[in-house]
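Summary of the model geometry
Each chain, letter by letter, is given below.
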Amino acid sequence: LESDKQIMKMNNDVWSITDIISTVEFNHTGELLATGDKGGRVVIFQREPESKTEPFSQGEYNVYSTFQSHEPEFDYLKSLEIEEKINKIRWLPQQNAAHFLLSTNDKTIKLWKVSERDKRPEGYNLKDEEGRIKDISTVTSLQVPVLKPMDLMVEVSPRRVFANAHTYHVNSISVNSDYETYMSADDLRINLWHLDITDRSFNIVDIKPANMEDLTEVITAAEFHPHHCNLFVYSSSKGTLRLCDMREAALCDKHSKLFEEPEDPSARSFFSEIISSVSDVKFSHSGRYLLTRDYLTAKVWDLNMESKPLETYQVHDYLRSKLCSLYENDCIFDKFECAWNGSDSVIMTGAYNNFFRMFDRNTKRDVTLEASRESSKPRAVLKPRRVCAAGGKRRKDDISVDSLDFTKKILHTAWHPNENIIAIAATNNLYIFQDKLNSEMH
C-alpha cells in the first residue's frame, strides 16, 4: 500500500473532541468521500481528475465541501442532551447532476442535496443588479435574462428532515435497492422510511419487551440486501444475526433466518457475552455473504448456512489475556466497523495503536498496517507491522502487546467500491491509501 494523501483536519496538532471522525463513506462511484465528526460537521472530499502531466498518477482527494449537518439539541421532556455527533452517512445513487446523502445523529436523519453552480442569471426586468425589486414605472423596455459564467460554487441544502421516530439512539441507516426507501435502526427498533415522506415511518422490527427488566439484547447494526429490496439483516449484542423478509409480514419480529455460532463451553468467561456482541454487519457486493465484526474477530457468513460462519479471522487475539484491563478502561465496548473490497475477496477492519487489518479470503494471507503520521508520509510505502503476544519471542520491529496505545483506535474504515483505495479514520485524522500496483498499472 502506498500513502496517497493524508488530510489533517486541524493545524499544529491543536484539535478538540468535536474533530474526532465518527463515520467514513465512499459514494457509489468512489469519486466522493464523506466524513462526519463529533461536532456534527460533514466534510466531502472529491477525487481530482488524473493529471495530464503525470498520466500514471492517480487522482488525489481534496476537500469539495464542508457543512454543519447537525447541531446540539436538548430534549426538555426527558432532560437529555442530544449531541450533534454524526453516527452514519449513506449516499444515494446518483440520478442527475446533483448528489444526495443521508446523515444521522442519535435522533434525527437528514437528507442533503450537494450540487454545483458555475453560472448566474443576469439582466432581470423587475430586479436590479443587487436583487432589489424595481419600480415598475421605471421599466421602459424588456430584455431577455442571460446566464453568465461565475466561479464554481458547491451548494449544500437540506431537502428532508426525518425526526421524532426514535426513542433510543440511532446506530444504523441503510438505503434500499429500490432507491425509494431506507431504514433506520436504534437499540430496540427498526423503522422503514420513504425518502419523500418525513412525517411518518413504518416500524418493521420491535424487540422492546413489555417489561424493560426482561431486556436481554439490543440491536447493534442493520443493513438492506444490495439487490433484493425485501431482505435486510440486523445484528444483536448477543452475537446473532437475523435475516428478515418484508414479504412475510408487516412486522418482521419473526426472522427468516437466524445466524448464530454455538458457544464453546470450555472457552466461556465473564467477558464472553461482551466480546461476542456484533458491532457491524455488511452484505457483500454480490449479496451472497455477510461480514460481521465482534470485539476480537471478523466473520464471513454464507446466507445459505446459518449454523456457523464460513470463515473466522482473528483480528487481535493477543488481547484475550488483556480483557480485564480493557473492561476497566471501557475499551472492551469499542465498536469496530468492517469493510469489503470491490470484488468481495478481501476484508478490512480496524484495531488499536492505529493499526488496521486486511484478510485475503482466497490466499488466507493477512497483514497488519499502521495509519499514523510517522509511518504515512505522502507516497511512502506502508510496512507490515506485527504484534508480539505477552511472553512470546520478539523479532526486530515487533511491537509488544504491553506497549499498544489503546487511545489510538481505528473504528471507522471504508473501501472504494471499484478500486484498491481505502479511507481510514484515526481519531481526528483521515488517511487515504491506495494499492501501489494499482497506480502503476494505470
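Notes on the structure follow. On a predicted model such as this, the values are computed, not experimentally measured, just so you know.

Calculation criteria
Residues numbered from 1 in each chain as written. Predicted model: local features only at pLDDT ≥ 70, side-chain atom pairs only at ≥ 80, totals over all residues. Heavy atoms only, no water. Salt bridge = Lys/Arg side-chain N within 4 Å of Asp/Glu carboxyl O. Helix = DSSP H or I, 4+ residues; strand = E, 2+ residues; numbered from the N terminus. Buried < 20%, exposed > 50% of the residue type's maximum accessible area, 1.4 Å probe, protein only. Contact = heavy atoms within 4.5 Å. Pairing = 2+ DSSP bridges. Axes fitted to C-alpha atoms, helices over the stretch in contact; angles between N-to-C directions.

1. Focus: the pattern of salt bridges
Scanning all chains against the criterion turns up 23 salt bridges. R242 serves as the salt-bridge partner of E217, at 3.2 Å between the closest nitrogen and oxygen. Highlighted residues: E217 in the loop between β15 (202-206) and β16 (219-224) and R242 in strand β18 (residues 241-245), separated in sequence by 25 residues. Shared partners join several salt bridges into a network, and the residues in it are D19, D37 and R41.

2. Quick notes on the environment of L80
Structurally, the position occupied by L80 is in strand β7 (residues 80-82). Under the relative-accessibility criterion, L80 is labelled partly exposed at 47%. Sequence-wise, L80 and D366 are 286 residues apart; in three dimensions their C-alpha atoms are separated by 44 Å. With residues up to four places along the chain from it excluded, the contact list for L80 reads E73, F74 and D75.

3. Quick notes on the sheet that holds strand β21 (residues 289-293)
Read from one edge to the other, the open sheet built from four strands follows the order β20-β21-β22-β23, with strand pairing classed as antiparallel. What marks the edges here is a single partner per strand, and that holds for β20 (280-283) and β23 (311-314). For this sheet the average axis-to-axis angle between neighbouring strands, irrespective of direction, equals 15 degrees. In the sheet, β21 pairs with strand β22 (residues 297-302) via five bridges, with the strands oriented antiparallel. Considered in β22, the bridge of T292 is made with K299.

4. Digging into unusual backbone geometry
Outside of glycine, negative phi angles account for most residues, and trans bonds account for most peptide bonds. One non-glycine residue with positive phi stands out, namely Y179, at about 60 degrees. Along the chain, Y179 falls in the loop between β12 (172-175) and β13 (181-185). What makes Y179 partly exposed here is its relative accessible area of 43%.

Note that all results are geometric; they support no functional claim without further evidence.
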